[in-house]
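Chain by chain, the residues:
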Amino acid sequence: MSRQSNRTTDSKKMNSELFTLTYGALVTQLCKDYENDEEVNKQLDKMGYNIGVRLIEDFLARSSVGRCHDFRETADVIAKVAFKMYLGITPSVTNWSPAGDEFSLILESNPLVDFVELPDNHSTLVYSNLLCGVLRGALEMVQMAVDVRFAQDTLRGDNVTEIRMKFIKRIEENLPVGDE
Amino acid sequence: MAIFSVYVVNKAGGLIYQYDNYVPRAEVEKTFSFPLDLVLKIHDEKVVVSFGQRDGIRVGHAVLSINGVDVNGKLFAIGSQLSPEVGSSGIEMLETDMFKLHCFQTLTGIKFIVLADPRQSGVDGLLRKIYEIYSDFALKNPFYSLEMPIRCELFDQNLKSALEIAEKAGTFGPGS
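In the nomenclature of an unreviewed UniProt entry, chain B corresponds to Trafficking protein particle complex subunit from the organism Chanos chanos. The UniProt entry for chain B carries the following text under Sequence similarities (unreviewed entry): "Belongs to the TRAPP small subunits family. TRAPPC4 subfamily."

Looking at an unreviewed UniProt entry, chain A carries the name Trafficking protein particle complex subunit, with the source organism given as Chanos chanos. One UniProt comment on chain A, placed under Function (unreviewed entry), says "May play a role in vesicular transport from endoplasmic reticulum to Golgi." What UniProt records for chain A under Sequence similarities (unreviewed entry) is the sentence "Belongs to the TRAPP small subunits family. BET3 subfamily."

Caption draft 1: The arrangement of the sheet that holds strand S3 (residues 144-152) of chain A in detail. Residue and element names in this part refer to chain A. Strand order in the open sheet made by the 4 strands is S1-S2-S4-S3, with antiparallel pairing throughout. Because the sheet does not close on itself, it has two edges, and the strands there are strand S1 (92-94) and S3. Strand-to-strand twist of the sheet, defined as the mean angle between neighbouring strand axes without regard to direction, takes the value 30 degrees. As judged from the 6 bridges shared by strand S2 (residues 102-107) and strand S4 (residues 161-170), these two strands associate in the antiparallel manner.

Caption draft 2: View of the packing of aromatic side chains. Scanning all chains against the criterion turns up 11 aromatic pairs over all chains. Centroid distance Tyr23 of chain A to Tyr127 of chain A: 5.4 Å. Interplanar angle 80 degrees. Geometry classified as edge-to-face. With Tyr23 of chain A in helix H1 (residues 16-34) and Tyr127 of chain A in the loop between S2 and helix H4 (129-141), this pair connects stretches of sequence that are 104 residues apart. Arranged with centres 6.5 Å apart and planes meeting at 50 degrees, the rings of Phe59 of chain A and Tyr86 of chain A form a pair that is tilted. Taken together, the positions of Phe59 of chain A in helix H2 (residues 37-62) and Tyr86 of chain A in helix H3 (residues 71-87) put the pair 27 residues apart, joining distant regions of the chain. An aromatic cluster is present here, built from Phe71, Trp96, Phe103 and Phe167 of chain A joined pairwise through their rings. Seen from the ring of Trp96 of chain A, Arg72 of chain A lies directly overhead, with NZ or CZ sitting 4.3 Å from the centre. Sitting over the ring of Phe104 of chain B, Arg128 of chain B keeps its end group 4.2 Å from the ring centre.

Rules behind the numbers
Residues numbered from 1 in each chain as written. Chains lettered and ligands numbered in written order. Predicted model: local features only at pLDDT ≥ 70, side-chain atom pairs only at ≥ 80, totals over all residues. Heavy atoms only, no water. UniProt positions renumbered as here; feature names shortened; annotations may be inferred. Pairing = 2+ DSSP bridges. Helix = DSSP H or I, 4+ residues; strand = E, 2+ residues; numbered from the N terminus. Axes fitted to C-alpha atoms, helices over the stretch in contact; angles between N-to-C directions. Phe/Tyr/Trp six-rings, centres within 6.5 Å; stacked < 30°, edge-to-face > 60°. Lys NZ or Arg CZ within 6 Å of the ring centre and 35° of its normal.

Dropping the structure here:
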(Lines give C-alpha, C1' and ligand atoms only; values in the text may rest on other atoms or scores of the structure.)
Protein backbone atom coordinates (compact mmCIF):
# COMPACT_ATOMS: atom_id res chain seq x y z
CA MET A 1 0.00 0.00 0.00
CA SER A 2 1.59 3.28 -1.03
CA ARG A 3 0.80 6.55 0.65
CA GLN A 4 1.20 10.17 -0.32
CA SER A 5 4.65 11.57 0.32
CA ASN A 6 3.23 14.30 2.52
CA ARG A 7 2.34 11.67 5.10
CA THR A 8 4.88 9.90 7.29
CA THR A 9 5.55 7.01 4.99
CA ASP A 10 7.14 4.70 7.50
CA SER A 11 5.01 4.90 10.61
CA LYS A 12 1.77 3.36 9.45
CA LYS A 13 2.42 1.17 12.41
CA MET A 14 0.63 2.47 15.42
CA ASN A 15 0.91 0.79 18.75
CA SER A 16 -1.87 -1.78 18.63
CA GLU A 17 -2.36 -1.42 22.34
CA LEU A 18 -3.32 2.18 21.79
CA PHE A 19 -5.97 0.87 19.43
CA THR A 20 -7.20 -1.62 22.05
CA LEU A 21 -7.26 1.13 24.66
CA THR A 22 -9.14 3.46 22.34
CA TYR A 23 -11.76 0.86 21.56
CA GLY A 24 -12.07 0.00 25.23
CA ALA A 25 -12.55 3.64 26.17
CA LEU A 26 -15.24 3.86 23.51
CA VAL A 27 -17.16 0.84 24.79
CA THR A 28 -16.96 1.78 28.46
CA GLN A 29 -18.11 5.30 27.71
CA LEU A 30 -21.05 3.94 25.72
CA CYS A 31 -21.90 1.68 28.67
CA LYS A 32 -21.88 4.66 31.00
CA ASP A 33 -23.97 6.73 28.63
CA TYR A 34 -26.61 4.17 27.76
CA GLU A 35 -26.53 1.90 30.85
CA ASN A 36 -28.15 -0.86 28.80
CA ASP A 37 -26.20 -3.61 27.04
CA GLU A 38 -28.67 -4.00 24.20
CA GLU A 39 -28.53 -0.30 23.45
CA VAL A 40 -24.74 -0.31 23.49
CA ASN A 41 -24.72 -3.26 21.09
CA LYS A 42 -26.96 -1.30 18.77
CA GLN A 43 -24.76 1.80 18.96
CA LEU A 44 -21.63 -0.23 18.27
CA ASP A 45 -23.33 -1.73 15.26
CA LYS A 46 -24.32 1.72 13.99
CA MET A 47 -20.81 3.07 14.46
CA GLY A 48 -19.40 0.04 12.74
CA TYR A 49 -21.79 0.58 9.86
CA ASN A 50 -20.54 4.13 9.44
CA ILE A 51 -16.97 2.88 9.39
CA GLY A 52 -17.82 0.06 6.97
CA VAL A 53 -19.38 2.27 4.31
CA ARG A 54 -16.20 4.32 4.23
CA LEU A 55 -13.71 1.53 4.68
CA ILE A 56 -14.98 -0.36 1.65
CA GLU A 57 -13.77 2.37 -0.71
CA ASP A 58 -10.35 2.36 0.90
CA PHE A 59 -10.29 -1.41 0.58
CA LEU A 60 -11.31 -1.36 -3.08
CA ALA A 61 -8.91 1.47 -3.89
CA ARG A 62 -5.92 -0.29 -2.35
CA SER A 63 -6.50 -3.95 -3.03
CA SER A 64 -7.10 -4.92 -6.61
CA VAL A 65 -10.02 -7.24 -6.01
CA GLY A 66 -12.81 -7.05 -8.54
CA ARG A 67 -16.45 -7.89 -8.06
CA CYS A 68 -17.02 -11.23 -6.37
CA HIS A 69 -19.07 -13.69 -8.38
CA ASP A 70 -20.61 -15.55 -5.49
CA PHE A 71 -20.84 -15.54 -1.74
CA ARG A 72 -17.99 -18.02 -1.37
CA GLU A 73 -15.65 -15.68 -3.14
CA THR A 74 -16.87 -12.86 -0.90
CA ALA A 75 -16.12 -14.96 2.17
CA ASP A 76 -12.59 -15.66 0.99
CA VAL A 77 -11.89 -12.04 0.18
CA ILE A 78 -13.18 -10.92 3.57
CA ALA A 79 -11.14 -13.46 5.48
CA LYS A 80 -7.92 -13.49 3.51
CA VAL A 81 -7.63 -9.95 2.22
CA ALA A 82 -9.74 -7.58 4.26
CA PHE A 83 -9.16 -8.91 7.77
CA LYS A 84 -5.48 -9.28 7.01
CA MET A 85 -5.26 -5.74 5.70
CA TYR A 86 -7.04 -4.04 8.58
CA LEU A 87 -6.61 -6.19 11.65
CA GLY A 88 -3.61 -8.27 10.71
CA ILE A 89 -5.43 -11.53 11.35
CA THR A 90 -6.74 -14.18 8.97
CA PRO A 91 -9.90 -15.87 10.24
CA SER A 92 -10.91 -19.20 8.78
CA VAL A 93 -14.08 -19.66 6.77
CA THR A 94 -16.15 -22.65 7.90
CA ASN A 95 -19.63 -23.99 8.59
CA TRP A 96 -21.16 -23.27 5.25
CA SER A 97 -24.90 -23.79 5.20
CA PRO A 98 -26.19 -26.28 2.61
CA ALA A 99 -27.64 -23.48 0.52
CA GLY A 100 -24.29 -21.69 0.48
CA ASP A 101 -25.75 -18.50 1.87
CA GLU A 102 -24.35 -18.60 5.37
CA PHE A 103 -20.86 -19.15 6.76
CA SER A 104 -18.77 -18.57 9.84
CA LEU A 105 -15.54 -16.70 10.37
CA ILE A 106 -13.53 -18.24 13.16
CA LEU A 107 -11.13 -15.77 14.77
CA GLU A 108 -8.30 -17.28 16.77
CA SER A 109 -7.41 -13.87 18.12
CA ASN A 110 -9.19 -10.56 18.16
CA PRO A 111 -7.10 -7.40 18.53
CA LEU A 112 -10.05 -5.51 19.93
CA VAL A 113 -10.28 -7.71 23.03
CA ASP A 114 -6.66 -8.01 24.13
CA PHE A 115 -6.58 -7.76 27.92
CA VAL A 116 -10.38 -7.49 28.17
CA GLU A 117 -12.58 -9.39 30.62
CA LEU A 118 -16.32 -8.90 30.70
CA PRO A 119 -17.74 -8.31 34.16
CA ASP A 120 -20.87 -10.22 35.21
CA ASN A 121 -23.16 -7.26 34.96
CA HIS A 122 -22.43 -6.95 31.23
CA SER A 123 -23.14 -10.50 30.24
CA THR A 124 -25.22 -9.56 27.19
CA LEU A 125 -22.74 -7.02 25.87
CA VAL A 126 -21.32 -7.95 22.49
CA TYR A 127 -18.01 -6.19 22.99
CA SER A 128 -16.79 -6.44 19.41
CA ASN A 129 -20.10 -5.64 17.82
CA LEU A 130 -18.41 -2.84 15.90
CA LEU A 131 -17.00 -5.51 13.59
CA CYS A 132 -20.49 -6.69 12.69
CA GLY A 133 -21.48 -3.18 11.70
CA VAL A 134 -18.32 -2.73 9.65
CA LEU A 135 -18.94 -5.90 7.67
CA ARG A 136 -22.60 -5.06 7.17
CA GLY A 137 -21.87 -1.50 6.01
CA ALA A 138 -19.06 -2.47 3.71
CA LEU A 139 -21.04 -5.20 1.97
CA GLU A 140 -24.08 -3.00 1.62
CA MET A 141 -21.99 -0.58 -0.44
CA VAL A 142 -21.25 -3.37 -2.88
CA GLN A 143 -24.92 -4.24 -3.17
CA MET A 144 -25.08 -7.15 -0.73
CA ALA A 145 -27.48 -7.16 2.19
CA VAL A 146 -26.10 -9.41 4.91
CA ASP A 147 -26.87 -10.25 8.48
CA VAL A 148 -23.79 -10.41 10.72
CA ARG A 149 -23.70 -11.53 14.30
CA PHE A 150 -21.43 -13.09 16.87
CA ALA A 151 -22.24 -16.76 17.36
CA GLN A 152 -19.42 -17.37 19.84
CA ASP A 153 -17.31 -14.97 21.84
CA THR A 154 -14.21 -15.76 23.88
CA LEU A 155 -15.17 -12.95 26.23
CA ARG A 156 -18.29 -14.84 27.16
CA GLY A 157 -16.59 -18.11 27.82
CA ASP A 158 -16.50 -19.75 24.41
CA ASN A 159 -13.34 -21.28 23.00
CA VAL A 160 -13.22 -19.25 19.86
CA THR A 161 -14.79 -16.13 18.48
CA GLU A 162 -17.18 -16.93 15.69
CA ILE A 163 -18.85 -14.41 13.43
CA ARG A 164 -21.80 -15.77 11.50
CA MET A 165 -22.58 -14.07 8.19
CA LYS A 166 -25.79 -14.70 6.30
CA PHE A 167 -26.52 -13.47 2.82
CA ILE A 168 -29.97 -11.90 2.64
CA LYS A 169 -30.27 -10.49 -0.84
CA ARG A 170 -28.67 -8.43 -3.57
CA ILE A 171 -29.55 -4.78 -3.35
CA GLU A 172 -30.89 -4.00 -6.78
CA GLU A 173 -31.95 -0.40 -6.70
CA ASN A 174 -28.51 1.14 -6.34
CA LEU A 175 -26.75 -1.22 -8.69
CA PRO A 176 -24.29 0.66 -10.88
CA VAL A 177 -25.63 0.76 -14.40
CA GLY A 178 -24.51 -2.12 -16.51
CA ASP A 179 -23.85 -4.57 -13.71
CA GLU A 180 -26.07 -7.62 -13.64
CA MET B 1 -2.82 22.05 -19.48
CA ALA B 2 -3.29 18.46 -20.56
CA ILE B 3 -5.90 17.51 -18.02
CA PHE B 4 -8.92 19.70 -18.41
CA SER B 5 -11.39 18.66 -15.74
CA VAL B 6 -12.13 16.14 -13.06
CA TYR B 7 -15.66 15.23 -11.99
CA VAL B 8 -16.89 12.93 -9.27
CA VAL B 9 -20.44 11.60 -9.51
CA ASN B 10 -22.24 9.83 -6.71
CA LYS B 11 -24.43 6.74 -6.90
CA ALA B 12 -27.62 8.69 -7.53
CA GLY B 13 -26.02 10.46 -10.45
CA GLY B 14 -25.46 13.79 -8.75
CA LEU B 15 -22.26 15.72 -9.26
CA ILE B 16 -20.41 15.94 -5.97
CA TYR B 17 -17.13 17.37 -7.11
CA GLN B 18 -15.85 19.31 -10.04
CA TYR B 19 -12.45 20.72 -10.80
CA ASP B 20 -11.71 22.64 -13.99
CA ASN B 21 -8.07 22.97 -14.82
CA TYR B 22 -8.23 24.89 -18.06
CA VAL B 23 -10.40 27.75 -17.03
CA PRO B 24 -8.46 30.14 -14.82
CA ARG B 25 -11.51 32.17 -13.86
CA ALA B 26 -11.76 31.93 -10.11
CA GLU B 27 -15.51 32.21 -9.87
CA VAL B 28 -16.08 29.29 -12.18
CA GLU B 29 -13.38 27.05 -10.88
CA LYS B 30 -14.55 25.88 -7.51
CA THR B 31 -18.28 25.91 -7.79
CA PHE B 32 -18.60 22.28 -6.95
CA SER B 33 -20.62 22.42 -3.81
CA PHE B 34 -24.34 22.89 -4.13
CA PRO B 35 -27.51 21.60 -2.60
CA LEU B 36 -29.02 19.48 -5.27
CA ASP B 37 -32.07 21.52 -6.39
CA LEU B 38 -31.75 25.25 -7.01
CA VAL B 39 -28.19 26.01 -8.00
CA LEU B 40 -27.83 22.92 -10.09
CA LYS B 41 -29.61 24.68 -12.97
CA ILE B 42 -26.91 27.28 -13.23
CA HIS B 43 -24.30 24.65 -12.87
CA ASP B 44 -25.85 22.65 -15.63
CA GLU B 45 -25.81 25.62 -17.96
CA LYS B 46 -22.18 26.08 -17.25
CA VAL B 47 -21.47 22.49 -18.05
CA VAL B 48 -23.38 22.75 -21.29
CA VAL B 49 -21.52 25.88 -22.32
CA SER B 50 -18.17 24.32 -21.69
CA PHE B 51 -19.11 21.23 -23.55
CA GLY B 52 -20.78 23.21 -26.30
CA GLN B 53 -17.33 24.14 -27.51
CA ARG B 54 -16.65 20.59 -28.49
CA ASP B 55 -18.41 18.89 -31.29
CA GLY B 56 -19.55 15.34 -31.39
CA ILE B 57 -20.57 15.21 -27.77
CA ARG B 58 -23.79 17.17 -28.01
CA VAL B 59 -26.23 14.34 -27.55
CA GLY B 60 -24.76 13.02 -24.36
CA HIS B 61 -24.46 16.39 -22.74
CA ALA B 62 -27.90 17.54 -23.63
CA VAL B 63 -29.06 14.74 -21.41
CA LEU B 64 -26.69 15.94 -18.72
CA SER B 65 -28.32 19.31 -18.64
CA ILE B 66 -31.95 18.23 -18.74
CA ASN B 67 -32.00 15.75 -15.98
CA GLY B 68 -31.27 17.77 -12.83
CA VAL B 69 -30.26 15.24 -10.26
CA ASP B 70 -29.97 12.19 -12.47
CA VAL B 71 -27.16 13.83 -14.31
CA ASN B 72 -24.48 11.32 -15.01
CA GLY B 73 -26.71 8.44 -14.08
CA LYS B 74 -28.60 9.02 -17.32
CA LEU B 75 -25.49 9.47 -19.38
CA PHE B 76 -24.22 6.21 -18.06
CA ALA B 77 -27.49 4.40 -18.71
CA ILE B 78 -27.65 5.68 -22.25
CA GLY B 79 -24.01 4.81 -22.71
CA SER B 80 -24.55 1.23 -21.73
CA GLN B 81 -27.57 0.93 -23.99
CA LEU B 82 -25.78 2.49 -26.93
CA SER B 83 -22.94 0.06 -26.56
CA PRO B 84 -22.71 -2.55 -29.28
CA GLU B 85 -21.50 -4.99 -26.64
CA VAL B 86 -24.02 -6.83 -24.51
CA GLY B 87 -23.77 -6.24 -20.78
CA SER B 88 -21.75 -3.10 -21.15
CA SER B 89 -20.79 -1.47 -17.92
CA GLY B 90 -21.22 2.05 -19.19
CA ILE B 91 -18.88 4.65 -20.61
CA GLU B 92 -15.22 4.03 -20.05
CA MET B 93 -13.85 6.38 -22.61
CA LEU B 94 -15.25 8.92 -25.00
CA GLU B 95 -12.95 10.31 -27.62
CA THR B 96 -13.31 13.42 -29.70
CA ASP B 97 -10.78 15.45 -31.61
CA MET B 98 -10.62 18.04 -28.84
CA PHE B 99 -10.46 15.83 -25.77
CA LYS B 100 -10.77 12.35 -24.33
CA LEU B 101 -13.21 11.66 -21.56
CA HIS B 102 -12.16 8.83 -19.27
CA CYS B 103 -14.52 7.34 -16.75
CA PHE B 104 -13.93 4.92 -13.94
CA GLN B 105 -16.84 3.43 -12.05
CA THR B 106 -16.17 1.81 -8.71
CA LEU B 107 -17.97 -1.27 -7.44
CA THR B 108 -19.83 1.02 -5.08
CA GLY B 109 -21.27 3.17 -7.85
CA ILE B 110 -19.08 6.25 -7.55
CA LYS B 111 -17.88 7.55 -10.92
CA PHE B 112 -14.67 9.43 -11.51
CA ILE B 113 -14.52 11.30 -14.78
CA VAL B 114 -11.43 12.95 -16.24
CA LEU B 115 -11.38 15.11 -19.34
CA ALA B 116 -7.93 15.22 -20.79
CA ASP B 117 -5.96 16.05 -23.88
CA PRO B 118 -6.23 13.17 -26.36
CA ARG B 119 -2.47 12.75 -26.21
CA GLN B 120 -2.41 12.45 -22.43
CA SER B 121 -1.42 8.98 -21.32
CA GLY B 122 -1.63 7.36 -17.94
CA VAL B 123 -5.16 8.53 -17.24
CA ASP B 124 -6.16 5.11 -15.98
CA GLY B 125 -3.50 5.33 -13.33
CA LEU B 126 -4.66 8.84 -12.55
CA LEU B 127 -8.25 7.65 -12.09
CA ARG B 128 -7.10 4.98 -9.65
CA LYS B 129 -5.04 7.61 -7.84
CA ILE B 130 -8.06 9.89 -7.59
CA TYR B 131 -10.02 6.97 -6.12
CA GLU B 132 -7.33 6.58 -3.48
CA ILE B 133 -7.33 10.29 -2.74
CA TYR B 134 -11.13 10.17 -2.42
CA SER B 135 -10.99 7.21 -0.06
CA ASP B 136 -8.37 9.00 2.04
CA PHE B 137 -9.27 12.66 2.23
CA ALA B 138 -13.00 12.61 1.67
CA LEU B 139 -14.09 9.37 3.31
CA LYS B 140 -11.71 9.39 6.23
CA ASN B 141 -12.85 12.85 7.13
CA PRO B 142 -15.59 12.03 9.65
CA PHE B 143 -17.32 15.31 8.94
CA TYR B 144 -17.84 14.47 5.31
CA SER B 145 -21.22 12.81 4.66
CA LEU B 146 -21.38 10.24 1.93
CA GLU B 147 -22.97 11.19 -1.38
CA MET B 148 -22.77 14.90 -0.50
CA PRO B 149 -20.67 17.49 -2.34
CA ILE B 150 -17.03 17.21 -1.40
CA ARG B 151 -15.75 20.27 0.38
CA CYS B 152 -12.48 19.04 1.81
CA GLU B 153 -9.37 21.21 1.51
CA LEU B 154 -7.05 18.23 1.70
CA PHE B 155 -8.93 16.50 -1.10
CA ASP B 156 -8.51 19.56 -3.34
CA GLN B 157 -4.82 19.91 -2.58
CA ASN B 158 -4.00 16.30 -3.10
CA LEU B 159 -6.06 16.10 -6.25
CA LYS B 160 -4.21 19.07 -7.72
CA SER B 161 -0.82 17.58 -6.95
CA ALA B 162 -1.89 14.29 -8.47
CA LEU B 163 -2.96 16.11 -11.63
CA GLU B 164 0.35 17.95 -11.79
CA ILE B 165 2.27 14.72 -11.46
CA ALA B 166 0.15 13.05 -14.12
CA GLU B 167 0.58 15.92 -16.53
CA LYS B 168 4.34 15.99 -16.12
CA ALA B 169 4.70 12.28 -16.47
CA GLY B 170 2.18 11.53 -19.14
CA THR B 171 1.89 13.90 -22.01
CA PHE B 172 3.99 13.46 -25.12
CA GLY B 173 3.41 16.90 -26.57
CA PRO B 174 6.23 18.88 -28.19
CA GLY B 175 8.86 20.18 -25.86
CA SER B 176 8.28 17.61 -23.13
